[in-house]
Amino acid sequence: MSAPNKSYDPVEVEALKPEEIERLRDEALAAFAAAGDLDALQEAKVAHTGGASPLALANREIGALPPHAKAAAGKLVGQARAAVGKALAGRQAELEAERDARVLVEEAVDVTLPYDRVPAGARHPLTTMMERVADVFVSMGYEIAEGPEVEAEWFNFDALNFGPDHPARQMQDTFFVRPAEDGRGAGGAESADGESGVVLRTHTSPVQARALLDRRPPVYVVCPGRVYRTDELDATHTPVFHQIELLAVDEGLTMADLKGTLDHMVRSLFGAGMKTRLRPNFFPFTEPSAEMDMLCYVCRGESVGRPDRPCRTCSSEGWIELGGCGMVNPRVLTACGVDPEKYSGFAFGFGIERMLMFRHNVEDMRDMVEGDVRFTRPFGMEI
Ligand code: FA5
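Computed from a predicted structure; not experimentally measured.

Trainee: Go over the packing of aromatic side chains with me, naming the residues and quoting the values.
Mentor: Scanning the model with the defined rule gives 11 aromatic pairs in all. Consider the rings of Phe137 and Tyr142, whose centres lie 5.6 Å apart with planes at 70 degrees: the pair is edge-to-face. The two residues Phe137 and Tyr142 agree in class, both being buried. Ring-pair connections join several aromatic residues into one group, and the members of that group are Phe137, Tyr142, Tyr220, Phe348 and Phe350. Over the ring of Phe155 we find Arg210, and its NZ or CZ is 4.0 Å from the ring centre.

Trainee: Tell me about helix H8 (residues 255-270), and please be specific about residues and values.
Mentor: For H8, built from 16 residues, the straight-helix expectation of 22 Å at 1.5 Å per residue is met to within 8% by its first-to-last C-alpha distance of 22 Å. Those residues of H8 that fall on the buried side of the exposure criterion are Leu258, Thr261, Leu262, Asp263, Met265, Val266, Leu269 and Phe270. Of the residues trailing H8, Gly271 is marked for its positive phi of about 110 degrees.

Trainee: I'd love a proper account of the domain arrangement of the protein chain, names of residues and values included.
Mentor: In terms of domains, the protein chain is made up of domain 1 (10-106) and domain 2 (125-149 + 201-379). One C-alpha centre belongs to domain 1, the other to domain 2; they are set 88 Å apart.

Trainee: I'd like to hear about the pattern of salt bridges, residue by residue, with values.
Mentor: Taken as a whole and judged by the stated rule, the model has 19 salt bridges. Of the charged contacts, one joins Arg374 and Asp372 as a salt bridge, the two residues approaching to 2.7 Å between their closest N and O atoms. The network of salt bridges with shared partners includes Arg277, Arg279, Asp293 and Glu321.

Trainee: Let's hear about the site of the ligand: which residues, and what values?
Mentor: Surrounding the ligand, one finds 24 residues, the nearest of these being His203, Ser205, Arg229, Asp231 and Gln243. Here a nitrogen atom of the ligand sits 3.1 Å away from a polar atom, N or O, in the main chain of Thr238. In the environment of the ligand, an oxygen atom lies 3.0 Å from a nitrogen or oxygen atom belonging to the side chain of Gln243. Coverage of the ligand by the protein amounts to 93% of the 680 Å² it exposes when considered alone. When atoms are counted within 2 Å of each cavity's grid points, the one that captures over half of the ligand is the largest pocket. Secondary structure elements with two or more residues in the shell around the ligand: strand E6 (240-250), strand E9 (319-328) and strand E10 (344-351). A breakdown of the residues in the shell around the ligand according to their chemical character gives eight nonpolar, 12 polar and four charged.

Trainee: I'd like to hear about the sheet that holds strand E5 (residues 219-228), residue by residue, with values.
Mentor: If you walk across this open sheet you meet the seven strands as E1-E5-E6-E10-E9-E8-E7, and the pairing is mixed. Looking at strand neighbours, the two that pair on one side only are strand E1 (143-144) and strand E7 (276-283), the edges of this open sheet. Sheet topology places E1 next to E5; two bridges connect them, and they run parallel. Among the inter-strand pairings, Ile144 is bridged to a residue of E5, identified as Val222. Against the sheet, helix H7 (residues 206-214) engages E5, E6 and E10, with an angle of about 40 degrees to E6. Each of E6, E7, strand E8 (286-295), E9 and E10 touches H8; the most contacted strand, E10, lies at about 35 degrees to it.

Trainee: If you had to explain the sheet that holds strand E3 (residues 175-176) to someone new, which residues and values would you point to?
Mentor: Taken together, the three strands give an open sheet; going across it, the order is E2-E4-E3, and neighbouring strands pair in antiparallel fashion. Looking at which strands have only one partner, the edges of the open sheet turn out to be strand E2 (150-152) and E3. Bridge count between E3 and strand E4 (residues 198-200): two bridges; the pairing is antiparallel. Paired with Phe175 across the bridge in E4 is Leu200.

Trainee: For the packing of helix H3 (residues 54-61) against helix H4 (residues 67-106), give the residues involved together with the corresponding values.
Mentor: Two numbers describe how H3 lies on H4: the axes approach to 10 Å, and their chain directions differ by 155 degrees. On the basis of the axis angle, H3 is roughly antiparallel to H4. Both H3 and H4 take part in a crossing whose hand is left-handed. Packed against H3, whose contacting residues are Leu55, Ala56 and Asn59, the element H4 presents Val77, Ala80, Arg81 and Val84 at the interface. Residue composition of the contact of H3 with H4, grouped by class: five nonpolar, one polar and one charged.

Trainee: I'd like to hear about the environment of Gly351, residue by residue, with values.
Mentor: Tracing the chain through its elements places Gly351 in strand E10. The spacing of Gly351 and Tyr142 is 209 residues in sequence and 19 Å in space, taken between C-alpha atoms. With near-sequence residues (within four places) excluded, Gly351 lies in contact with His242, Gln243 and Leu322.

Trainee: Outline the state of the cysteines, listing residues and values.
Mentor: For the structure on display, the rule yields zero disulfides. Here Cys223 is not cross-linked by a disulfide; its sulfur's nearest cysteine counterpart is in Cys336, at 12 Å. Using a relative accessible area of 0% as the deciding quantity, one classes Cys223 as buried.

Trainee: Which residues make up the pairing of E9, and what values do they have?
Mentor: Extensive coverage of E9 is indicated by the burial of nine of its 10 residues. Sheet topology note: the E9/E10 ladder contains five bridges and is antiparallel. Note that in E10 the partner of Gly324 across the bridge is Gly349.

Trainee: Lay out the nonpolar core with the relevant residues and their values.
Mentor: With 46 residues, the main nonpolar core has Met265, Phe348 and Phe350 as its most contacted residues. At seven residues, helix H5 (residues 125-138) tops the list of elements feeding residues into this core. If we ignore the near neighbours within four places in the chain, the residues touching Met265 are Val133, Val136, Phe137, Leu322, Phe348 and Phe350. The next biggest cluster of nonpolar side chains, apart from the first, holds 24 residues, and it includes Phe157, Ala211, Leu247 and Tyr343.

Calculation notes
- Residues numbered from 1 in each chain as written.
- Predicted model: local features only at pLDDT ≥ 70, side-chain atom pairs only at ≥ 80, totals over all residues.
- Heavy atoms only, no water.
- Phe/Tyr/Trp six-rings, centres within 6.5 Å; stacked < 30°, edge-to-face > 60°.
- Buried < 20%, exposed > 50% of the residue type's maximum accessible area, 1.4 Å probe, protein only.
- Lys NZ or Arg CZ within 6 Å of the ring centre and 35° of its normal.
- Helix = DSSP H or I, 4+ residues; strand = E, 2+ residues; numbered from the N terminus.
- Expected span 1.5 Å × (residues − 1).
- Domains from an automatic or database assignment.
- Salt bridge = Lys/Arg side-chain N within 4 Å of Asp/Glu carboxyl O.
- Near = heavy atom within 4 Å.
- Polar contact = N/O pair within 3.5 Å; in protein donor to acceptor, adjacent residues only side chain to side chain.
- Areas by Shrake-Rupley, 256 points an atom, 1.4 Å probe, with all protein chains shown as cover.
- 1 Å grid on protein atoms, 1.4 Å probe; cavity = no way out; pocket = protein on both sides within 12 Å on 5 of 7 lines; lining within 4 Å.
- Sits in = over half its atoms within 2 Å of the grid points.
- Nonpolar A, V, L, I, M, F, W, Y, C, P; charged D, E, K, R; others polar.
- Pairing = 2+ DSSP bridges.
- Contact = heavy atoms within 4.5 Å.
- Axes fitted to C-alpha atoms, helices over the stretch in contact; angles between N-to-C directions.
- Parallel < 35°, antiparallel > 145°, perpendicular 65-115°, else oblique.
- Left-handed = near helix turned anticlockwise from the far one by under 90°.
- Disulfide = S-S within 2.5 Å.
- Core = buried A, V, L, I, M, F, W, Y, C linked by side-chain atoms within 4.5 Å.

Here you go:
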């Protein structure tokens, strides 16, 4: 900045000459107009309005003028700076509006497009059915127990009191696992008769033996899982299906506890007023054993003897067969190291596919295994 000087004439100070101020103003206006985006405008702003800009320097020169010249020079520079500020604000608004319009176009979302070309998946109704049953018992304090699907024959049969030549072994048609090439069993055990000693489990009952060997009584477990039998796939059978097994071993358990537990289960799953009935049957691992039926949840038994009101769900029999049950055979307790003098237990097991069939009027079990979403979709998207 020049030093104060009484004889100083603004006309003679180059930076304060009106035409120079005008030139600086016009240069700034042209730079703002030429700025194509907000970044360029920011650069022009610094160059033409910043502390080191020619107009700011000119403004500083005013202080060095003699008093009589200050007002005119101040007015000149002030007007130029005001014009520059106004042009800057105008261009800033223009460029911001342009940017906003561009962003709206670039980031536009076409809400008319399909939101998702791959429909969300959902769990299979068999899985949700099995969990729903297991939840009934988990809420009563039962623990979920699991076992392998490729199972030792000992757990699948021997521990459950199926003797080596017991005809009951043929009750369930078994997939035997072929022994390894070196003649050793699939589990690494020597096999004298060339059998591997390993099967695909035919029911969830081997989990009973595993649960008893793993824990000390009292034992309260529920065992859901996949099982295998050499059955042909037809409307009511599949070679791979699901069962759910229940086992309770404690002091003083009786058939009445079994019956009460079954009744509680059907009421939880099918509603108030439901009940079960037991019919004598035979399983080597329960004694006594029974077949368990539940009241038909559709007609509640009212279709029996009423040809005018037939029920398709129970074929007008009033009852639907659920599965097998009984008091745990003391020989099973002994095989698993539990004292049958002190403890008793009950168990039951049934097929999930069959339950899904009558609960949802599924007429053909093949629909459950074919993986067609037209079958699963009506069950909803429970995940
Ligand atoms: C058993 O498997 C016994 N482990 C049940 C049991 C457990 C009895 C505990 C006593 C104590 P069963 O062979 O009857 O029993 O089979 C039970 C259920 O599995 C049947 O009621 C039926 O619902 C289902 N099931 C059997 N075979 C098939 C199949 N091929 N396809 C679909 N479900 C089947």
